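Residue-level structural notes
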Amino acid sequence: MNVTRRNFVAASGVAGAAVLLAGCGSSNSASSSSDGTASYKIGVVQLTEHSALDATNAGFVEAVNASGLSVTIDQQNAQNDQSACQTIASKFVGDGVDLIYAIATPAAQAAAAATSDIPIVGSAITDYAASGLVKDNDKPGTNVTGASDLTPVAEQLQMMQKVLPDVKKVGLLYCSAESNSDIQIASAKEELDALGIAYDEYAVSSSNEIQSVVESAVGKVDALYAPTDNTIAAGAAQVGQICKENKIPFVTGEEGMCNAGGLFTLSINYTDLGKLAGEMAVKILKGEAKPADMAIEHLSTSELVVVKNEEMVAAIGVDLSALDA
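Residues numbered from 1 in each chain as written. Predicted model: local features only at pLDDT ≥ 70, side-chain atom pairs only at ≥ 80, totals over all residues. Heavy atoms only, no water.

Brief notes about the overall build of the chain
Which entries qualify depends on this criterion: Strands here are runs of E lasting at least two residues and helices are runs of H or I lasting at least four, both read from the DSSP assignment and numbered beginning at the N terminus. Three exposure classes are used, based on accessible area relative to the maximum for each residue type with a 1.4 Å probe and protein chains only: buried under 20%, partly exposed in between, and exposed over 50%. For the accessible areas, the method is Shrake-Rupley and the probe is 1.4 Å, while residue cover comes only from the protein chains on display.
The secondary structure content of the chain amounts to eleven helices and 15 strands. Every one of the 325 residues in the chain was classed for burial, and the buried ones make up 50%. Working note: accessible area of the chain is about 12,600 Å², and carbon and sulfur atoms make up 46% of it.

Remarks on helix H6 (residues 210-217)
Convention followed: The reported arc concerns the directions from the helix axis to the C-beta atoms and nothing else. Two residues qualify as a contact provided that any one of their heavy atoms is within 4.5 Å of a heavy atom in the partner residue.
Listed as buried for H6 are Ile210, Val213, Val214 and Ala217. The buried residues of H6 occupy an angular sector of 95° when projected down its axis, which confines them to one face. Contacts made by the buried residues of H6 are with strand S9 (169-175), strand S10 (198-204), strand S11 (223-226), helix H7 (230-234) and helix H8 (236-246). At the C-terminal side of H6, Gly219 shows a positive phi close to 85°.

So, the packing of aromatic side chains
As a reminder of what qualifies: Ring geometry is summarised as follows: Phe, Tyr and Trp rings, the Trp one being its six-membered ring, pair when their centres sit within 6.5 Å, and such pairs are stacked at plane angles under 30 degrees, edge-to-face over 60 and tilted between the two.
Here the structure, examined in full by the defined rule, presents one aromatic pair. Each ring, one from Phe60 and one from Tyr101, has its centre 3.7 Å from the other, and the planes form 10°; the classification is stacked. One end of the pair, Phe60, is in helix H1 (residues 51-66); the other, Tyr101, is in strand S6 (residues 99-103), with 41 residues separating them in the sequence. Under the relative-accessibility criterion, Phe60 is labelled buried at 0%.

Section: unusual backbone geometry
Positive phi, close to 55°, is recorded for Gln79, a residue that is not glycine. Its place among the elements puts Gln79 in the loop between strand S5 (71-77) and helix H2 (82-95). Exposure remark for Gln79: the relative accessible area of 48% places this residue in the partly exposed category.

Description of the nonpolar core
Test applied: We define the nonpolar core as a collection of buried residues of types Ala, Val, Leu, Ile, Met, Phe, Trp, Tyr and Cys that are connected through side-chain atoms lying within 4.5 Å of one another.
One finds Ile42, Met160, Leu173, Leu224 and Phe264 to be the most contacted residues of the largest nonpolar core, which totals 98 residues. With nine residues, helix H10 (residues 270-285) is the largest single contributor of residues to this core. The residues touching Ile42, leaving out its near neighbours within four places in the chain, are Phe60, Val64, Val71, Thr72, Ile73, Asp74, Leu99, Tyr101 and Leu285.

Notes on the packing of helix H4 (residues 153-163) against helix H5 (residues 179-195)
The test is simple: As a rule, the C-alpha atoms of each element are fitted with a line to give its axis, helices using only the stretch in contact, and angles between N-to-C directions run from 0 to 180 degrees. Angle categories are assigned with fixed cut-offs, so that under 35 degrees is roughly parallel, over 145 is roughly antiparallel, 65 to 115 is roughly perpendicular, and the rest are oblique. Crossings are sorted by hand: turned counterclockwise from the far helix by less than a right angle, the near helix makes the crossing left-handed, and turned clockwise it makes it right-handed. Amino acids are sorted into nonpolar (Ala, Val, Leu, Ile, Met, Phe, Trp, Tyr, Cys and Pro), charged (Asp, Glu, Lys and Arg) and polar (every other residue, Gly among them).
Packing of H4 against H5 leaves a shortest axis separation of 9 Å and a crossing angle of 40°. As the angle between them shows, H4 and H5 are arranged oblique. Regarding H4 and H5, the two cross each other, and that crossing is right-handed. Residues Val153, Ala154, Leu157, Gln158, Met160 and Gln161 of H4 form the contact with H5, whose participating residues are Gln184, Ser187, Ala188, Glu191, Leu192 and Leu195. Across the contact of H4 with H5, the residue classes break down as seven nonpolar, four polar and one charged.

Here's the deal with the packing of H1 against H10
At a minimum axis distance of 6 Å, the contact between H1 and H10 shows a crossing angle of 40°. Taken as axis vectors, H1 and H10 run oblique relative to one another. Here H1 runs over H10; the crossing is right-handed. Residues Ala52, Ala55, Thr56, Gly59, Phe60, Glu62, Ala63 and Val64 of H1 form the contact with H10, whose own contacting residues are Tyr270, Thr271, Leu273, Gly274, Lys275, Ala277, Gly278, Glu279, Ala281 and Val282. Along the lines of polarity and charge, the residues of the contact of H1 with H10 split into ten nonpolar, five polar and three charged.

Some thoughts on the pattern of salt bridges
Put simply, the rule reads: Within this document, salt bridges are pairs made up of a side-chain nitrogen of Lys or Arg and a carboxyl oxygen of Asp or Glu, the two lying within 4 Å of each other.
Enumeration according to the criterion identifies eight salt bridges in this entry. Residue Lys91 is joined to Asp95 by a salt bridge in which the shortest nitrogen-to-oxygen separation is 2.8 Å. Here the residue Lys91 and the residue Asp95 both occupy positions in helix H2, the gap between them amounting to four residues, near one helical turn. For Lys91, a relative accessible area of 35% puts it in the partly exposed group. Overlapping salt bridges bring together Asp74, Lys91 and Asp95 as one network.

Observations regarding H5
The cut-off we apply is this: In a helix, the anticipated span is given by 1.5 Å times the number of residues less one.
Taking 1.5 Å per residue, 17 residues should reach 24 Å; H5 reaches 25 Å between its end C-alpha atoms and fits that length. Contact partners of the buried residues in H5: helix H3 (105-114), strand S7 (120-125), H4, S9, S10 and S11. With its phi angle positive at about 75°, Gly196 sits one or two positions after the end of H5.

Here we look at the pairing of S11
Heads up, the condition is: Strand pairing is assigned whenever DSSP detects at least two bridges linking the two strands.
Residues Ala223 and Tyr225 of S11 are buried on one face, and the alternating residues Leu224 and Ala226, pointing to the opposite face, are buried as well. Bridge analysis of S9 against S11 gives three bridges, and the strand direction is parallel. By the bridge assignment for S11, Gly171 is matched with Leu224. In this structure, S11 lies alongside strand S12 (residues 250-252), joined through three bridges in parallel fashion. Among the inter-strand pairings, Leu224 is bridged to a residue of S12, identified as Phe250.

Have a look at this one:
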(Lines give C-alpha, C1' and ligand atoms only; values in the text may rest on other atoms or scores of the structure.)
Protein backbone atom coordinates (compact mmCIF):
# COMPACT_ATOMS: atom_id res chain seq x y z
CA MET A 1 0.00 0.00 0.00
CA ASN A 2 1.30 3.42 -0.93
CA VAL A 3 0.11 6.70 0.54
CA THR A 4 0.94 10.19 -0.68
CA ARG A 5 -0.71 13.52 0.00
CA ARG A 6 -2.21 16.12 -2.27
CA ASN A 7 -3.39 19.65 -1.56
CA PHE A 8 -7.15 19.85 -1.42
CA VAL A 9 -9.64 21.62 0.82
CA ALA A 10 -12.46 19.39 1.99
CA ALA A 11 -15.33 21.59 3.01
CA SER A 12 -18.92 21.09 3.19
CA GLY A 13 -14.67 14.58 6.25
CA VAL A 14 -12.91 0.73 18.81
CA ALA A 15 -14.88 -1.57 19.11
CA GLY A 16 -14.24 -2.94 22.56
CA ALA A 17 -15.17 -2.92 26.18
CA ALA A 18 -16.50 0.06 28.05
CA VAL A 19 -13.93 2.82 28.46
CA LEU A 20 -13.59 5.27 31.32
CA LEU A 21 -14.00 8.81 30.02
CA ALA A 22 -16.94 11.82 30.89
CA GLY A 23 -19.32 14.74 30.47
CA CYS A 24 -22.39 16.77 31.31
CA GLY A 25 -25.19 18.81 29.90
CA SER A 26 -27.63 16.30 28.46
CA SER A 27 -31.25 15.97 29.37
CA ASN A 28 -30.31 13.29 31.91
CA SER A 29 -28.86 13.90 35.35
CA ALA A 30 -25.26 12.86 35.77
CA SER A 31 -24.19 10.63 38.63
CA SER A 32 -21.28 11.40 40.90
CA SER A 33 -18.11 9.40 41.36
CA SER A 34 -16.57 8.60 44.75
CA ASP A 35 -14.53 11.81 44.71
CA GLY A 36 -17.61 13.92 44.06
CA THR A 37 -16.93 14.71 40.40
CA ALA A 38 -19.70 14.29 37.86
CA SER A 39 -19.72 11.05 35.90
CA TYR A 40 -21.63 10.60 32.66
CA LYS A 41 -22.51 7.85 30.20
CA ILE A 42 -22.10 7.81 26.42
CA GLY A 43 -23.67 5.09 24.33
CA VAL A 44 -21.92 4.33 21.04
CA VAL A 45 -23.89 2.59 18.31
CA GLN A 46 -21.75 1.62 15.30
CA LEU A 47 -23.52 0.24 12.26
CA THR A 48 -20.91 -2.35 11.30
CA GLU A 49 -17.23 -3.19 11.45
CA HIS A 50 -14.92 -1.88 8.77
CA SER A 51 -11.80 0.25 8.90
CA ALA A 52 -13.40 3.67 8.29
CA LEU A 53 -16.08 3.27 10.96
CA ASP A 54 -13.60 1.72 13.38
CA ALA A 55 -11.32 4.72 12.84
CA THR A 56 -14.04 7.29 13.47
CA ASN A 57 -14.95 5.39 16.64
CA ALA A 58 -11.33 5.43 17.81
CA GLY A 59 -10.97 9.13 17.01
CA PHE A 60 -14.08 9.94 19.02
CA VAL A 61 -12.84 8.02 22.05
CA GLU A 62 -9.46 9.75 21.78
CA ALA A 63 -11.06 13.20 21.74
CA VAL A 64 -13.29 12.47 24.72
CA ASN A 65 -10.34 11.01 26.65
CA ALA A 66 -8.30 14.12 25.88
CA SER A 67 -11.02 16.36 27.36
CA GLY A 68 -10.25 15.23 30.91
CA LEU A 69 -13.92 14.57 31.60
CA SER A 70 -15.12 11.42 33.38
CA VAL A 71 -17.38 9.38 31.11
CA THR A 72 -18.22 5.70 30.79
CA ILE A 73 -18.61 4.61 27.15
CA ASP A 74 -20.83 1.68 26.25
CA GLN A 75 -19.67 0.34 22.87
CA GLN A 76 -22.27 -1.51 20.79
CA ASN A 77 -21.95 -2.76 17.19
CA ALA A 78 -25.06 -3.59 15.14
CA GLN A 79 -23.19 -5.85 12.68
CA ASN A 80 -24.88 -4.10 9.75
CA ASP A 81 -28.37 -4.96 11.03
CA GLN A 82 -30.64 -1.92 11.10
CA SER A 83 -33.09 -3.59 13.49
CA ALA A 84 -30.14 -4.12 15.84
CA CYS A 85 -29.44 -0.38 15.63
CA GLN A 86 -32.98 0.22 16.87
CA THR A 87 -32.57 -2.27 19.70
CA ILE A 88 -29.28 -0.71 20.79
CA ALA A 89 -30.70 2.83 20.63
CA SER A 90 -33.68 1.79 22.75
CA LYS A 91 -31.33 0.21 25.26
CA PHE A 92 -29.37 3.43 25.56
CA VAL A 93 -32.57 5.38 26.18
CA GLY A 94 -33.59 2.88 28.84
CA ASP A 95 -30.16 3.12 30.42
CA GLY A 96 -30.47 6.89 30.60
CA VAL A 97 -27.24 7.69 28.81
CA ASP A 98 -26.25 11.34 28.62
CA LEU A 99 -25.26 11.28 24.95
CA ILE A 100 -25.42 8.88 22.01
CA TYR A 101 -22.63 8.69 19.45
CA ALA A 102 -24.05 7.22 16.24
CA ILE A 103 -21.64 6.00 13.58
CA ALA A 104 -23.20 5.86 10.07
CA THR A 105 -26.61 7.03 8.89
CA PRO A 106 -28.78 4.01 9.88
CA ALA A 107 -27.34 4.14 13.39
CA ALA A 108 -28.13 7.85 13.69
CA GLN A 109 -31.62 7.38 12.25
CA ALA A 110 -32.32 4.64 14.80
CA ALA A 111 -31.08 6.83 17.64
CA ALA A 112 -33.14 9.81 16.47
CA ALA A 113 -36.24 7.61 16.28
CA ALA A 114 -35.63 6.38 19.82
CA THR A 115 -35.27 9.78 21.52
CA SER A 116 -35.85 13.45 20.87
CA ASP A 117 -34.31 14.46 24.19
CA ILE A 118 -30.93 12.78 24.56
CA PRO A 119 -28.23 14.57 22.53
CA ILE A 120 -27.03 12.58 19.51
CA VAL A 121 -23.70 13.22 17.79
CA GLY A 122 -23.23 11.45 14.48
CA SER A 123 -20.27 10.66 12.27
CA ALA A 124 -19.58 8.96 8.93
CA ILE A 125 -22.80 10.51 7.61
CA THR A 126 -22.76 12.38 4.30
CA ASP A 127 -25.79 14.68 4.49
CA TYR A 128 -27.70 15.00 7.75
CA ALA A 129 -30.56 17.07 6.32
CA ALA A 130 -31.10 14.79 3.31
CA SER A 131 -31.13 11.81 5.67
CA GLY A 132 -33.89 13.39 7.77
CA LEU A 133 -31.74 13.79 10.88
CA VAL A 134 -31.81 17.59 11.07
CA LYS A 135 -33.92 20.40 9.71
CA ASP A 136 -30.93 22.19 8.22
CA ASN A 137 -27.23 21.32 8.16
CA ASP A 138 -26.30 24.83 9.31
CA LYS A 139 -28.87 24.95 12.12
CA PRO A 140 -30.05 21.42 12.96
CA GLY A 141 -33.04 22.37 15.11
CA THR A 142 -33.17 18.85 16.60
CA ASN A 143 -31.28 16.82 19.19
CA VAL A 144 -28.90 15.65 16.44
CA THR A 145 -25.64 17.14 15.19
CA GLY A 146 -22.29 15.73 14.15
CA ALA A 147 -19.50 15.47 11.60
CA SER A 148 -20.00 14.78 7.89
CA ASP A 149 -17.80 12.51 5.78
CA LEU A 150 -18.74 14.27 2.56
CA THR A 151 -16.60 12.48 -0.02
CA PRO A 152 -14.75 14.26 -2.86
CA VAL A 153 -16.67 12.20 -5.45
CA ALA A 154 -16.02 14.55 -8.36
CA GLU A 155 -12.30 14.74 -7.64
CA GLN A 156 -12.06 10.94 -7.34
CA LEU A 157 -13.67 10.46 -10.75
CA GLN A 158 -11.57 13.19 -12.33
CA MET A 159 -8.52 11.37 -10.97
CA MET A 160 -9.83 8.12 -12.45
CA GLN A 161 -10.13 9.69 -15.90
CA LYS A 162 -6.63 11.14 -15.60
CA VAL A 163 -4.90 7.86 -14.74
CA LEU A 164 -7.25 5.51 -16.64
CA PRO A 165 -8.01 7.46 -19.83
CA ASP A 166 -9.25 4.36 -21.68
CA VAL A 167 -12.22 3.88 -19.35
CA LYS A 168 -15.43 4.37 -21.36
CA LYS A 169 -18.01 2.88 -18.99
CA VAL A 170 -18.01 2.79 -15.18
CA GLY A 171 -20.02 0.48 -12.98
CA LEU A 172 -21.43 2.31 -9.96
CA LEU A 173 -21.43 -0.18 -7.09
CA TYR A 174 -23.42 0.61 -3.94
CA CYS A 175 -26.05 -0.61 -1.49
CA SER A 176 -29.55 0.61 -2.32
CA ALA A 177 -30.51 0.53 1.38
CA GLU A 178 -28.04 3.30 2.32
CA SER A 179 -29.24 6.86 1.85
CA ASN A 180 -25.67 8.18 2.02
CA SER A 181 -24.85 6.10 -1.03
CA ASP A 182 -27.84 7.41 -2.96
CA ILE A 183 -26.54 10.95 -2.40
CA GLN A 184 -23.02 10.08 -3.52
CA ILE A 185 -24.16 8.04 -6.52
CA ALA A 186 -26.22 11.02 -7.69
CA SER A 187 -23.05 13.14 -7.49
CA ALA A 188 -21.09 10.46 -9.34
CA LYS A 189 -23.61 10.38 -12.17
CA GLU A 190 -23.48 14.15 -12.50
CA GLU A 191 -19.69 14.14 -12.67
CA LEU A 192 -19.50 11.22 -15.12
CA ASP A 193 -21.97 13.01 -17.38
CA ALA A 194 -19.73 16.06 -17.27
CA LEU A 195 -16.70 13.92 -18.09
CA GLY A 196 -18.49 12.20 -20.95
CA ILE A 197 -18.13 8.75 -19.40
CA ALA A 198 -21.00 6.25 -19.56
CA TYR A 199 -22.11 4.32 -16.48
CA ASP A 200 -24.35 1.51 -15.29
CA GLU A 201 -25.64 1.01 -11.75
CA TYR A 202 -24.87 -2.17 -9.83
CA ALA A 203 -26.86 -2.00 -6.61
CA VAL A 204 -27.01 -4.60 -3.86
CA SER A 205 -29.60 -4.76 -1.11
CA SER A 206 -27.33 -6.71 1.26
CA SER A 207 -23.83 -8.14 1.50
CA ASN A 208 -25.13 -11.50 0.28
CA GLU A 209 -25.57 -10.03 -3.21
CA ILE A 210 -22.10 -8.55 -3.62
CA GLN A 211 -20.50 -11.48 -5.41
CA SER A 212 -23.28 -12.05 -7.91
CA VAL A 213 -23.74 -8.35 -8.66
CA VAL A 214 -20.03 -7.69 -9.15
CA GLU A 215 -19.66 -10.79 -11.32
CA SER A 216 -22.55 -9.53 -13.46
CA ALA A 217 -20.50 -6.40 -14.23
CA VAL A 218 -17.57 -8.39 -15.64
CA GLY A 219 -17.19 -7.74 -19.36
CA LYS A 220 -19.69 -4.88 -19.27
CA VAL A 221 -17.70 -2.08 -17.62
CA ASP A 222 -14.12 -0.82 -17.80
CA ALA A 223 -13.93 0.10 -14.11
CA LEU A 224 -15.96 -0.04 -10.90
CA TYR A 225 -16.52 2.89 -8.54
CA ALA A 226 -17.95 2.60 -5.03
CA PRO A 227 -18.52 5.60 -2.73
CA THR A 228 -18.24 5.46 1.06
CA ASP A 229 -20.84 2.72 1.31
CA ASN A 230 -20.82 0.64 4.50
CA THR A 231 -22.02 -2.59 2.89
CA ILE A 232 -19.51 -2.40 0.05
CA ALA A 233 -16.76 -1.31 2.45
CA ALA A 234 -17.33 -4.39 4.59
CA GLY A 235 -17.14 -6.54 1.44
CA ALA A 236 -14.34 -4.64 -0.31
CA ALA A 237 -11.95 -7.59 -0.19
CA GLN A 238 -14.55 -9.74 -1.97
CA VAL A 239 -15.06 -7.08 -4.64
CA GLY A 240 -11.32 -6.68 -4.99
CA GLN A 241 -10.76 -10.38 -5.56
CA ILE A 242 -13.24 -10.48 -8.44
CA CYS A 243 -11.71 -7.32 -9.90
CA LYS A 244 -8.20 -8.76 -9.58
CA GLU A 245 -9.18 -11.96 -11.36
CA ASN A 246 -10.78 -9.99 -14.20
CA LYS A 247 -8.34 -7.04 -14.25
CA ILE A 248 -11.05 -4.47 -13.53
CA PRO A 249 -9.87 -1.25 -11.83
CA PHE A 250 -11.85 -0.70 -8.60
CA VAL A 251 -11.84 2.94 -7.47
CA THR A 252 -13.08 3.41 -3.91
CA GLY A 253 -14.51 6.19 -1.79
CA GLU A 254 -12.04 5.94 1.07
CA GLU A 255 -8.71 4.56 2.24
CA GLY A 256 -9.87 1.44 4.10
CA MET A 257 -11.84 0.20 1.10
CA CYS A 258 -8.82 0.80 -1.13
CA ASN A 259 -6.48 -1.11 1.16
CA ALA A 260 -8.93 -4.01 1.33
CA GLY A 261 -9.41 -4.44 -2.41
CA GLY A 262 -9.42 -1.18 -4.32
CA LEU A 263 -6.93 0.25 -6.78
CA PHE A 264 -6.66 3.86 -5.60
CA THR A 265 -8.61 6.63 -3.91
CA LEU A 266 -8.51 10.19 -2.64
CA SER A 267 -9.68 9.87 0.97
CA ILE A 268 -10.54 11.86 4.05
CA ASN A 269 -9.05 10.78 7.39
CA TYR A 270 -11.71 9.00 9.42
CA THR A 271 -9.76 9.15 12.67
CA ASP A 272 -9.75 12.94 12.36
CA LEU A 273 -13.46 12.84 11.56
CA GLY A 274 -14.07 10.95 14.79
CA LYS A 275 -12.00 13.44 16.74
CA LEU A 276 -14.10 16.27 15.32
CA ALA A 277 -17.28 14.51 16.44
CA GLY A 278 -15.73 13.86 19.84
CA GLU A 279 -14.92 17.54 20.29
CA MET A 280 -18.56 18.36 19.52
CA ALA A 281 -19.71 15.80 22.10
CA VAL A 282 -17.44 17.33 24.73
CA LYS A 283 -18.98 20.76 24.17
CA ILE A 284 -22.45 19.28 24.64
CA LEU A 285 -21.46 17.36 27.77
CA LYS A 286 -19.87 20.48 29.26
CA GLY A 287 -23.09 22.40 28.64
CA GLU A 288 -21.34 24.78 26.25
CA ALA A 289 -23.64 24.07 23.30
CA LYS A 290 -26.82 22.29 22.28
CA PRO A 291 -27.15 20.05 19.22
CA ALA A 292 -30.01 22.12 17.83
CA ASP A 293 -27.67 25.10 17.47
CA MET A 294 -24.53 23.27 16.33
CA ALA A 295 -23.96 23.30 12.57
CA ILE A 296 -22.89 20.03 10.98
CA GLU A 297 -19.09 20.04 10.91
CA HIS A 298 -16.82 19.05 8.03
CA LEU A 299 -13.13 18.34 8.00
CA SER A 300 -11.24 21.35 6.72
CA THR A 301 -7.77 20.36 5.63
CA SER A 302 -5.31 21.09 2.89
CA GLU A 303 -4.34 17.44 2.69
CA LEU A 304 -6.48 14.54 1.58
CA VAL A 305 -4.76 11.19 1.44
CA VAL A 306 -4.00 9.71 -1.98
CA VAL A 307 -3.85 5.94 -1.54
CA LYS A 308 -2.63 3.31 -4.00
CA ASN A 309 -3.00 -0.43 -3.41
CA GLU A 310 0.27 -1.69 -4.88
CA GLU A 311 -0.87 -5.32 -4.90
CA MET A 312 -3.84 -4.43 -7.09
CA VAL A 313 -1.70 -2.15 -9.26
CA ALA A 314 0.62 -5.08 -10.00
CA ALA A 315 -2.23 -7.56 -10.49
CA ILE A 316 -4.16 -5.40 -12.92
CA GLY A 317 -1.09 -3.99 -14.64
CA VAL A 318 -1.84 -0.27 -14.68
CA ASP A 319 0.42 2.76 -14.41
CA LEU A 320 -0.68 5.09 -11.62
CA SER A 321 2.37 7.34 -11.70
CA ALA A 322 0.12 10.26 -12.63
CA LEU A 323 -1.19 10.18 -9.06
CA ASP A 324 2.19 11.34 -7.85
CA ALA A 325 2.14 14.46 -9.98
